[in-house]
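# Overview (structure and organization)
Now for the letters of each chain:
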Amino acid sequence: MKFAPFSYACPTEAAEAVRLCAEAAGAGLGARFIAGGQSLLPALAFRLDQPGTLIDIGRIGALRGVTLHEGRLVIGALTTHATLERDPLIARHAPMLAHAAGFIAHAAIRNRGTIGGSICNADPAAELPAVVVALGARLHLLGPAGARAIEARRFFRGYYETAKAAEELLTSIEIPIAAAADRWAFGELARRRGDYALAGVAVAATGAPRIVWFGVGDGPRRDGAAEAALAAGAPAAEIAQAALAGIEVASDHTTDAETRARIARVVLRRALTGAGLAA
Ligand SMILES: Cc1cc2nc3c(=O)[nH]c(=O)nc-3n(C[C@H](O)[C@H](O)[C@H](O)COP(=O)(O)OP(=O)(O)OC[C@H]3O[C@@H](n4cnc5c(N)ncnc54)[C@H](O)[C@@H]3O)c2cc1C
């Protein structure tokens, strides 16, 4: 299919992008920010989404770059998945993020897709939303009323649904830097390398552990029962058995809920033993 007609703007400042978005919304046109376009363009091509205005944020320099600031890693929303994989600051201070980015799609998509786009798109099977929740990230938003920050764990609301207002722009992602002794695990199972995961898990195991599923339910979900079992030093098989209590496991045309739960438990057990977090 062809795209429905839309008008196009390409601002160079974040505040201008927000103003243009609010103006389009006020005029009843509907507007979307476009970053890498790797999720939005297919949606437009299939006419699953028909905004009147596209606001291309790709030329806003302030949304790029990876820096250290007051003991935290600050990642611009336009940072591509490929950069996450290779950036030395990310490798050193948020290694799970670098590792997980390599599981997203294929190289051509990782060259264009951005961390901000992945987080705002909130696909329940996406890797990065789960990783930023596991790492205790804080997300910085800019809207017509000004800037605000929100904890990643409060941002994801359900299938493709977030706490972000339509006119708000995600500007950066702030992550507490990892110490050399910090431990983590990551695992997923997909039909083919690069496909969205049938089930996956991100684990940050320093201090009180965070175990966060993706591809399992309606978004990144922490697993309190599995976290308690890991904190108590249980073996991996027991942690996997305790997992998913109270979590609604999704069923779709490829994988029913029971099969997905079984896959998820295997993924968790392997991730924990592979990383040496549980016996
Ligand atoms: C074949 C294929 C396979 C894929 N496989 C995977 C996979 O395995 N795992 C995975 O996680 N992803 C996968 N993706 C999606 C890919 O990771 C995208 O890069 C990502 O989901 C969106 O990033 P983007 O920069 O392309 O965002 P866009 O497509 O430009 O935007 C996505 C949405 O986010 C909004 N948005 C973007 N940036 C901002 C911002 N800074 N502030 C506010 N709103 C914003 C847009 O308005 C839009 O609604 C795949 C895509 C394709 C085409």
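Only a predicted model underlies this, so the values are computations on that prediction, with no experimental measurement involved.

### Notes on the sheet that holds strand β5 (residues 72-76)
Strands pair in a sheet through their backbones, by hydrogen bonds, and they do so in one of two ways: parallel or antiparallel. Spatial ordering of the open sheet is given by β4-β5-β10-β6-β7, a layout of 5 strands whose pairing is antiparallel. For this open sheet the edge positions go to β4 (66-69) and β7 (146-151), each flanked by a neighbour on one side alone. Each adjacent strand pair in this sheet contributes to an overall mean axis angle of 25°, direction not counted.

### Quick word on helix α12 (residues 257-274)
Spanning 18 residues, α12 covers 25 Å between terminal C-alpha atoms, matching the ideal 26 Å at 1.5 Å per step. Among the residues making up α12, those that are buried are Arg260, Ile263, Ala264, Arg265, Val267, Leu268, Arg269, Ala271 and Leu272. Those residues of α12 hidden inside the fold are in contact with β11 (184-189), β12 (199-204), β13 (210-214), α10 (224-231) and α11 (236-242).

### Points about the domain arrangement of the chain
For the chain, the domain assignment lists domain 1 (7-56), domain 2 (61-176) and domain 3 (184-274). Distance from the C-alpha centre of domain 2 to the C-alpha centre of domain 3: 21 Å. With 20 residues of domain 2 at the contact, the number on the domain 3 side is 20 residues. Those elements giving two or more residues to the side of domain 2 that touches domain 3 turn out to be α5 (95-101), α8 (127-134) and β8 (156-158). Across the side of domain 2 that touches domain 3, the residue classes break down as 16 nonpolar, 3 polar and 1 charged.

### Considering the pairing of β7
Across 6 bridges, strand β6 (residues 138-143) lies against β7 in antiparallel orientation. Note that in β7 the partner of Leu139 across the bridge is Ile150.

### Section: the environment of Ile34
Summarising the element assignment, Ile34 is placed in strand β2 (residues 31-34). Taking the number of C-beta atoms within 10 Å as the measure of exposure, Ile34 has 20 and is therefore buried. Distance in space between the C-alpha atoms of Ile34 and Cys21 is 11 Å, their sequence separation being 13 residues. Ignoring anything within four residues of it in the chain, the contact list for Ile34 reads Leu40, Leu54, Ile55, Asp56 and Ile57.

### Examining α8
With 8 of 8 residues buried, α8 is to be regarded as a mostly interior element. Buried within α8 are the following residues: Glu127, Leu128, Pro129, Ala130, Val131, Val132, Val133 and Ala134. Positive backbone phi, approximately 70°, marks Gly136, located one or two places after α8.

### Examining the pairing of β6
Between β6 and β7, which follow one another and run antiparallel, lie 2 residues. When β6 meets strand β10 (residues 169-176), the two strands line up antiparallel, connected through 5 bridges. By the bridge assignment for β10, Leu139 is matched with Ile173.

### Topic: unusual backbone geometry
Within the chain, Arg47 stands out as a residue other than glycine whose phi angle is a positive 55°. Its location among the elements puts Arg47 in the loop between α2 (40-45) and β3 (53-56). Judged by C-beta crowding, with 11 C-beta atoms within 10 Å, Arg47 ranks as exposed. Residue Glu70 is not a glycine yet carries a positive backbone phi of 45°. Looking at the element boundaries, Glu70 is found in the loop between β4 and β5.

### A short note on the site of the ligand
Near the ligand lie 29 residues; those nearest to it are Gly36, Gln38, Gly113, Gly117 and Ala126. Elements with a contribution of two residues or more to the shell around the ligand: β2, α2, α7 (115-121), α8 and β10. It is α7 that provides the largest number of residues to the shell around the ligand, a total of 5 residues. Of the residues assigned to the shell around the ligand, the class counts are 16 nonpolar, 10 polar and 3 charged.

### A short note on the sheet that holds β2
Sheet architecture is open: 3 strands sit in the order β1-β3-β2, paired in parallel fashion. For this open sheet the edge positions go to β1 (7-9) and β2, each flanked by a neighbour on one side alone. The sheet shows a mean angle of 25° between the axes of neighbouring strands, taken without regard to direction. Sheet topology places β2 next to β3; 4 bridges connect them, and they run parallel. Paired with Ile34 across the bridge in β3 is Asp56. In the packing of helix α1 (residues 14-26) onto the sheet, contacts are made with β1, β2 and β3, and the angle to β2 comes to roughly 155°.

The rules behind these values
- Residues numbered from 1 in each chain as written.
- Predicted model: local features only at pLDDT ≥ 70, side-chain atom pairs only at ≥ 80, totals over all residues.
- Pairing = 2+ DSSP bridges.
- Helix = DSSP H or I, 4+ residues; strand = E, 2+ residues; numbered from the N terminus.
- Axes fitted to C-alpha atoms, helices over the stretch in contact; angles between N-to-C directions.
- Expected span 1.5 Å × (residues − 1).
- Buried ≥ 20, exposed ≤ 12 C-beta atoms within 10 Å, placed from the backbone.
- Contact = placed C-beta atoms within 7 Å.
- Domains from an automatic or database assignment.
- Nonpolar A, V, L, I, M, F, W, Y, C, P; charged D, E, K, R; others polar.
- Near = placed C-beta within 6 Å.

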